[in-house]
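A structural walkthrough
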Amino acid sequence: MNPATLTTFIFYLAALIGFGILFYQYTNTLSDYILGGRKLGSGVAALSAGASDMSGWLLLGLPGAVYAAGLNQIWLAIGLSVGAYLNWQFVARKLRKYTEVAQDSITLPDYFEYRFQDKSRMLRVISALVILIFFAVYTASGLVAGATLFESAFDLNRQIALWTGTIIIVAYTFLGGFLAVSWTDFFQGILMFLALIAAPVMIIVTYMSWDEIIATTSSMDPAYVDVFSGMTTIGILSLLAWGLGYFGQPHILSRFMAIKSEKHVPKAKMIAMIWMVFALYGAVFVGFTGIAFFAESPLPAGDQEIVFLELTQVLFNPWIAGIILAAILSAVMSTVDSQLLVCSSAIAEDFYKAFLKPKAPEKELVWVGRFAVIGVAIVALILAYNPDNLVLDLVAYAWAGFGASFGPVVILSLFWKQMTRNGALAGMITGAATVLIWENLGLILPGVEHEIISLYSIIPGFILSTLAIYIASRFDESPTDAVLAQHDRV
Amino acid sequence: MEQTSLSAASWFWLLVPMLTVVLLSIITFFVETKREEE
């Protein structure tokens, strides 16, 4: 690796640790540690929600998919943009307010318990367990992605790469908690955005015009320039449906809960959407311009995901290449740190404080949260040690699983006064079960080859979960006066 | 035949939905902020 690239990169990693040290002193209560004391401004809330949402997929997966298949991948970007917008428009403000009214809930399981005043505590336990299991696996797969990147960029041994990445993420998350995570995500979001815009612009300005790019790609395969090529209605619906996932992602919803006040939501929404849409466009055009750029010697199938990295090395000088490499790793790290922290909050708030020591002093809770970060990181590291570990396949279900099991519960709990605790429980279980069953329909029903099986599981999951909430709530006893009165205060 | 431009349908789906989302977020920002001030 070029010394200039390496220097920039090391400077970036040192800055991350600096953030951890800086925010250590601002973290005195558990609410500070896992929600930043609800003090996030619009910009930080917006970009940190975006950066923690997108992961390495934005800089590796999406450009790689467009490079391999062409512009038909835009449907996924459309689905995500619309879903994120609806989430900001309808959920953010209301969730911010409701979580404060509902006994100042600082985690999603907290909110579920206090929203329905669930004395059995089943909502808390089930949702916290689901979060812990899926996010530990999610974190592990993020670490694998980070290690692969370190390995290919620095020619490092894979185990050393895994350890280096983990230690850095754990260090700043351990020290600075939510504020360090959000502020690093904010800067990582800016870095990702600039890098994604710079690469395709650089190609068009310096190497080939837009018309030349279209001509080259369409002469290679006309399917590259057609948004409908190879797409069926079910295929398009499935890609669009990814947007439904937003309503149930705990690490994104926690940004809504942490925003300074509901008045800050409209500005945050605007910043978040501008960031997201143009970052997605950047990623799509990185892949698309990459097709023409590498027309003479196309990247082999295994390397398509690193089309952005390959472009960077040709297009930019080593200093900028170092920054862009940092941006790619940022995308991975900004997701891993947020998921790690959500796991830590489930342990500290939803188990330790809720069941073991309700009167524990705040300082103690903060340290439980800190050590929970280390504990979850160790579990994730063990899972990540073997990248062929089958447990990591669970990640494929995580987006749809959270979306279908928590999404309808979150939306209806905010807007439907008559929703009951049993309704929430039924929705959560039905959503999760539908996703798991649907994803394995091929195994359950061998020989059945109807196209509908390929429909993304979040669609039936979301619909059935919503129905389950409605039916169970209708047949249940009406919510208590206290629950109804609390709803009226929002 | 060599194509030098995207079809109208491809341009439409490439640009309209995502830019509409951006536009809506800008419009609702001004509307909601104004409502807040009143």
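Owing to the predicted nature of the structure, the values given are computational and were not obtained by experimental measurement.

Counting secondary structure elements, chain A contains 20 helices and zero strands. Taken over C-alpha atoms, the radius of gyration comes to 22 Å for chain A, in line with the 23 Å a tight globule of 490 residues would show. Counting over 490 residues, chain A shows a buried share of 58%. Pairs at least 24 apart in sequence give 85% of the contacts found in chain A among residues at least 6 apart. Carbon and sulfur atoms provide 68% of the accessible area of chain A, an area that totals close to 18200 Å².

On to the overall build of chain B, then. Counting secondary structure elements, chain B contains one helix and zero strands. Principal-axis analysis of the C-alpha atoms gives chain B an extent of 60 × 10 × 10 Å. When the 38 residues of chain B are sorted by exposure, 29% land in the buried category. As presented, chain B carries roughly 2600 Å² of accessible surface, and 69% of it is formed by carbon and sulfur atoms.

What follows covers the environment of S7 of chain B. The residue S7 of chain B is located in the segment before helix 1 (8–37) in this model. A C-alpha to C-alpha distance of 45 Å links S7 of chain B and E37 of chain B, two positions 30 residues apart in sequence.

Glancing now at the packing of aromatic side chains. Residue and element names in this part refer to chain A. For the structure on display, the rule yields 36 aromatic pairs over all chains. Here F174 and W367 contribute two aromatic rings whose centre-to-centre distance is 5.9 Å and whose plane-to-plane angle is 65°, an arrangement assigned as edge-to-face. Of this pair, F174 sits in helix 8 (residues 158–207) while W367 sits in helix 15 (residues 362–385), and the two are 193 residues apart along the sequence. Among the residues examined, F174 registers a relative accessible area of 16% and is labelled buried. Given the relative accessible area of 32%, W367 is considered partly exposed. Ring geometry for Y246 versus W399: centroids 5.2 Å apart, planes at 85°, classification edge-to-face. In this pair, Y246 sits in the loop between helix 10 (233–240) and helix 11 (250–258) while W399 sits in helix 16 (residues 395–415), placing the two residues 153 residues apart along the sequence. Assessed through its relative accessible area of 7%, W399 is described here as buried. Every member of this aromatic cluster is reached through a ring pair, and the members are Y98, Y111, F112, F134, F135, Y138, F402 and F406. The positively charged end of R121 is found above the aromatic ring belonging to F355, 4.7 Å away from the centroid. Geometry around Y114 places R124 over its ring, the cationic atom sitting 5.6 Å from the centre.

Below, the discussion takes up the interface of chain A and chain B. Each partner contributes residues to the interface: chain A has 32 residues there, and chain B has 23 residues. Interface area, chain A with chain B, both sides summed: about 2500 Å², of which 73% is carbon and sulfur. Summed over the three residues of chain A that lose the most area to chain B, namely Y85, M270 and Y281 of chain A, the buried surface amounts to 21% of that side. On the surface where chain A and chain B come into contact, there are three salt bridges. A salt bridge links K269 of chain A to E32 of chain B, with the shortest nitrogen-to-oxygen separation between them at 3.2 Å. Applying the counting rule to chain A against chain B returns eight residue pairs in polar contact (both at pLDDT 80 or more). When residues of the side of chain A that touches chain B are traced back to their parent elements, those giving at least two are helix 5 (74–101), helix 9 (210–220) and helix 12 (265–293) of chain A. The greatest single-element share of the side of chain A that touches chain B, amounting to eleven residues, is contributed by helix 12 of chain A. The class makeup of the residues in the side of chain A that touches chain B is 22 nonpolar, four polar and six charged.

Moving on to unusual backbone geometry. Residue and element names in this part refer to chain A. Backbone geometry places R38, a non-glycine residue, at a positive phi of 50°. By the secondary structure assignment, R38 is in the loop between helix 2 (30–35) and helix 3 (42–54). A relative accessible area of 8% places R38 in the buried class. Positive phi, close to 45°, is recorded for Q117, a residue that is not glycine. Take Q117: it is sitting in the loop between helix 6 (108–116) and helix 7 (122–154). You can call Q117 partly exposed: its relative accessible area is 27%.

The subject of this paragraph is the confidence of the model for chain B. For chain B, the mean per-residue pLDDT works out to 90, and 95% of the residues sit at or above 70. Listed scores for the predicted complex are pTM 0.93 and ipTM 0.95.

Let us look at the layout of surface pockets. All names here are of chain A. In this structure, the largest pocket spans a volume of roughly 1000 Å³. If you trace the largest pocket, you find 35 residues lining it, with S55, G56, W57, S141 and A145 closest to the centre. Breaking the lining of the largest pocket down by element, the ones donating at least two residues are helix 3, helix 5, helix 7, helix 14 (318–356) and helix 16. When grouped by side-chain class, the residues that make up the lining of the largest pocket number 18 nonpolar, twelve polar and five charged.

What follows is about helix 9 of chain A. Looking only at helix 9 of chain A, the buried set comprises I213, I214, A215, T217 and S218 of chain A. Those residues of helix 9 of chain A that are buried are in contact with helix 8 and helix 12 of chain A.

So, about empty space enclosed by the protein. All names here are of chain A. According to the stated counting rule, one finds three cavities of 30 Å³ or more in the structure shown. Taken as a whole, the largest cavity holds about 160 Å³ of empty space. Looking at the largest cavity, it is lined by 19 residues, and the ones nearest its centre are T107, P250, S254, V342 and S345. Elements with a contribution of two residues or more to the lining of the largest cavity: helix 2, helix 6, helix 11 and helix 14. No other element matches helix 14, which puts six residues into the lining of the largest cavity. Of the residues contributing to the lining of the largest cavity, the split by class is 13 nonpolar, four polar and two charged. When its volume is computed, the second largest cavity comes out at roughly 100 Å³. Around the second largest cavity, the lining comprises 13 residues; the ones closest to its centre are A49, G50, D53, A84 and W88. Put simply, the parts of the chain that give the lining of the second largest cavity at least two residues each are helix 3, helix 5, helix 11 and helix 12. Of the residues forming the lining of the second largest cavity, the biggest block, four residues, is contributed by helix 3. Residue composition of the lining of the second largest cavity, by class: ten nonpolar, two polar and one charged.

Quick notes on the rules
- Per chain, the residues get numbers from 1 upward, laid out in the order the sequence is written.
- Whichever chain is written first is A, and whichever ligand is written first is 1; the rest continue in order.
- Under the rules for a predicted model, residues below a pLDDT of 70 receive no local features and side-chain atom pairs below 80 are neither given nor counted, while totals for whole chains, interfaces and linings still include all residues.
- For the side-chain quantities, the full set of heavy atoms in the structure was used; hydrogens and water were omitted.
- Only DSSP runs of H or I covering at least 4 residues are called helices, and only runs of E covering at least 2 are called strands; the numbering of each starts at the N terminus.
- We take the radius of gyration over the C-alpha atoms and set the globule estimate at 2.2 Å times the residue count to the 0.38 power.
- For the exposure calls, accessible area comes from a 1.4 Å probe over protein chains only, and a residue counts as buried if that area is under 20% of its type's maximum, exposed if over 50%, partly exposed in between.
- Contacts are residue-level and defined by heavy atoms, with any inter-residue pair within 4.5 Å sufficient.
- Note that accessible areas follow from Shrake-Rupley with a 1.4 Å probe, and for residues the cover is restricted to the protein chains shown.
- Stacked, tilted and edge-to-face pairs are distinguished by plane angle, under 30 degrees for stacked and over 60 for edge-to-face with tilted covering the rest, among Phe, Tyr and Trp rings (Trp via its six-membered ring) whose centres lie within 6.5 Å.
- Charge over a ring is defined by NZ of Lys or CZ of Arg lying within 6 Å of the ring centre and within 35 degrees of the ring normal.
- The term buried area refers to how much accessible surface (probe radius 1.4 Å) is lost by two components on association, counted for both of them together.
- For salt bridges, the criterion is a side-chain nitrogen of Lys or Arg within 4 Å of an Asp or Glu carboxyl oxygen.
- Polar contacts, as used here, are pairs of N or O atoms within 3.5 Å; protein pairs need one atom able to donate a hydrogen and one able to accept it. Residues neighboring in sequence count only if both atoms are side-chain atoms.
- Following the grouping adopted for this structure description, the nonpolar residues are Ala, Val, Leu, Ile, Met, Phe, Trp, Tyr, Cys and Pro, the charged ones are Asp, Glu, Lys and Arg, and the polar ones are all others, Gly among them.
- What pLDDT expresses is the predictor's confidence in each residue, scored from 0 to 100.
- Cavities and pockets were defined on a 1 Å grid built over protein atoms only: a cavity is a set of grid points that admits a 1.4 Å probe from which the probe cannot escape, a pocket is an open set flanked by protein on both sides within 12 Å along at least five of seven lines, and lining residues are those with an atom within 4 Å of any such point.
- Grid points are joined across faces, edges and corners, and a volume is the space filled by probe spheres set on the points.

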